[in-house]
Amino acid sequence: MSPKSGATDNSKTPAAVSLVSGGIAGGIEAAVTYPFEFAKTRVQLRDAGSASRPRNPFLVVADVFRNEGARALYKGCSSLIVGSVAKDGVRFLSFDMIKSAFKDPDTGALSPLRNLLAGMSAGIVASVFAVTPTERIKTALIDDARTAKRFRSAPHAVRVIYAEHGFLGLYRGFAGTTLKQAGATAFRMGSYNILKDYENSKHIAQSTATNFANGAVAGTITTYATQPFDTLKTRSQSAKGASTVEAFRSVLADDGVRGFWRGTTMRLGRTVFSGGILFTVYEQVAAVLNPMFQR
């Protein structure tokens with residue numbers, strides 16, 4: 001993939017490159033930004049009884065660090081990294097394939113709307129095959145660590161959830177997760193590629209700084225557009241588990257409509273950096289791998 005070709009130009013990016021580059025980028029992004037994700041998840045989860053909770057994600061980080069230690073901030077991280085490797089590998093691969101199918105057969109161009117539709121389709125694919133079960137385990141681990149402390153590890157959490165709720169227990173929160181992924185991938189991948197297409201039309205050279213800036217803008221747009229779905233997903237995937245309807249009702253009962261945007265500050269902090277990291281790493285890895293697969 002040349003710097004001007006676009007991160008997801010399927011005509012120049014082999015499927016294996018999309019899969020491997022996306023997986024590596026997703027794993028690095030998840031590891032670097034995980035404390036933001038941890039704090040956001042804690043803020044969105046419902047407390048048992050009348051226990052008070054900090055509503056500021058930064059206070060959550062300080063409180064957990066003080067009372068539980070630095071390692072607690074990475075509770076559930078392994079699950080997210082595994083999920084992110086699979087999610088972003090599948091997401092970039094499916095986006096490239098779907099984007100190619102959506103291109104205008106005469107001009108080869110892709111309109112902004114088709115960019116968004118390609119992203120939405122890729123998000124649904126990623127949710128089914130990777131995101132929902134790994135997010136379920138990550139959220140359950142974070143929730144369990146502050147309450148019952150039943151889960152010893154991610155594999156143990158899988159075994160317990162499967163024993164108690166069956167295979168479908170691993171897909172608790174599927175509706176909220178899929179809505180979030182469809183919207184997030186549509187806005188993130190779509191807006192990133194719209195920005196790149198615009199820059200290429202204006203002959204603006206692509207660089208690490210440009211890739212990072214485009215990814216950060218895409219991350220900001222994605223956060224505000226999809227935060228309600230993320231909140232519902234988190235409530236549904238707590239250690240106890242809840243249906244999407246139950247999660248919706250609990251958010252309204254606890255905080256009203258504004259509750260659907262709980263955790264936005266911390267998620268925004270993560271998605272701005274994660275968007276920049278994700279696309280920058282993807283571009284760099286793809287640039288290295290492309291020549292190997294195109295010989």
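What you see is a predicted model; the values in this text were computed from it and never measured.

Draft legend 1. Geometry of the overall build of the protein chain. Looking only at helices and strands, the protein chain features 9 helices and 0 strands. N-terminal to C-terminal, the α/β element order of the protein chain is α-α-α-α-α-α-α-α-α. A buried classification covers 53% of the 295 residues belonging to the protein chain. Across the protein chain, contacts joining residues at least 24 apart in sequence account for 79% of those joining residues at least 6 apart.

Draft legend 2. Representation of the side chain of threonine 33 within the structure. Here threonine 33 is to be found in helix α1 (residues 15-44). A polar contact of 2.8 Å, which involves the side chain of threonine 33, links it to the backbone oxygen of glutamate 29. When sequence neighbours within four positions are dropped, the list of residues in contact with threonine 33 reads Arg270, Phe273, Ser274 and Ile277.

Draft legend 3. Molecular detail of the nonpolar core. Formed by 18 residues in total, the largest nonpolar core has its most connected members in Ala25, Phe92, Phe95, Met189, Phe279, Val281 and Tyr282. Among the secondary structure elements, those contributing two or more residues to this core are α1, α3 (77-102), α4 (112-145), α6 (174-201) and α9 (264-293). Tallying contributions element by element places α9 first for this core, with 8 residues. Once residues within four sequence positions are removed from consideration, phenylalanine 279 is found in contact with Phe92, Arg188, Met189, Tyr192, Asn211 and Gly215. Counting 14 residues, the second-largest nonpolar core is a separate cluster that includes Tyr34, Leu45, Ala72 and Met266.

Draft legend 4. Region of interest: empty space enclosed by the protein. The full count for this structure, using the stated rule, is 2 cavities of 30 Å³ or more. As for the largest cavity, its lining consists of 20 residues, of which Lys87, Lys180, Arg188, Arg267 and Arg270 are closest to the centre. Here the residues of the lining of the largest cavity are counted per class, giving 3 nonpolar, 6 polar and 11 charged. The wall of the second largest cavity is formed by Leu80, Gly83, Ser84, Lys87, Val131, Thr134 and Glu135. With 4 residues, the top contributor of residues to the lining of the second largest cavity is α3.

Draft legend 5. Examining α6 more closely. Taking 1.5 Å per residue, 28 residues should reach 40 Å; α6 reaches 39 Å between its end C-alpha atoms and fits that length. Backbone geometry just downstream of α6 places histidine 203 in the positive-phi region, at approximately 60°.

Draft legend 6. Broad picture of the packing of helix α7 (residues 208-236) against α9. In the contact formed by α7 and α9, the axes pass within 7 Å of each other and the chain directions differ by 140°. Here α7 is positioned oblique relative to α9, judged by the angle of their axes. Crossing of α7 against α9: the hand is right-handed. Per-class residue counts for the contact of α7 with α9 are 8 nonpolar, 15 polar and 3 charged.

Draft legend 7. Focus on the environment of tryptophan 261. Tracing the sequence through the fold places tryptophan 261 in the loop between α8 (244-255) and α9. Among the residues examined, tryptophan 261 registers a relative accessible area of 39% and is labelled partly exposed. Sequence separation of tryptophan 261 and proline 228 is 33 residues, and the distance between their C-alpha atoms is 5.7 Å. Residues within four places of tryptophan 261 in sequence aside, it is in contact with Tyr224, Gln227, Pro228 and Thr231. Polar contacts involving the side chain of tryptophan 261 include one to the main-chain carbonyl oxygen of tyrosine 224, which spans 3.5 Å.

Draft legend 8. Quick look at the packing of aromatic side chains. For the coordinates displayed, the defined rule picks out 7 aromatic pairs. Taking 5.9 Å as the distance between ring centres and 75° as the angle between the ring planes, the aromatic pair formed by phenylalanine 92 and phenylalanine 279 counts as edge-to-face. Note that phenylalanine 92 is positioned in helix α3 and phenylalanine 279 in helix α9, a separation of 187 residues in sequence. Per residue, the accessibility class of phenylalanine 92 equals that of phenylalanine 279, and both read buried. Consider the rings of phenylalanine 248 and phenylalanine 260, whose centres lie 5.1 Å apart with planes at 40°: the pair is tilted.

Conventions and cut-offs
Residues numbered from 1 in each chain as written. Predicted model: local features only at pLDDT ≥ 70, side-chain atom pairs only at ≥ 80, totals over all residues. Heavy atoms only, no water. Helix = DSSP H or I, 4+ residues; strand = E, 2+ residues; numbered from the N terminus. Buried < 20%, exposed > 50% of the residue type's maximum accessible area, 1.4 Å probe, protein only. Contact = heavy atoms within 4.5 Å. Polar contact = N/O pair within 3.5 Å; in protein donor to acceptor, adjacent residues only side chain to side chain. Core = buried A, V, L, I, M, F, W, Y, C linked by side-chain atoms within 4.5 Å. 1 Å grid on protein atoms, 1.4 Å probe; cavity = no way out; pocket = protein on both sides within 12 Å on 5 of 7 lines; lining within 4 Å. Points joined across faces, edges and corners; volume = space filled by probe spheres on them. Nonpolar A, V, L, I, M, F, W, Y, C, P; charged D, E, K, R; others polar. Expected span 1.5 Å × (residues − 1). Axes fitted to C-alpha atoms, helices over the stretch in contact; angles between N-to-C directions. Parallel < 35°, antiparallel > 145°, perpendicular 65-115°, else oblique. Left-handed = near helix turned anticlockwise from the far one by under 90°. Phe/Tyr/Trp six-rings, centres within 6.5 Å; stacked < 30°, edge-to-face > 60°.

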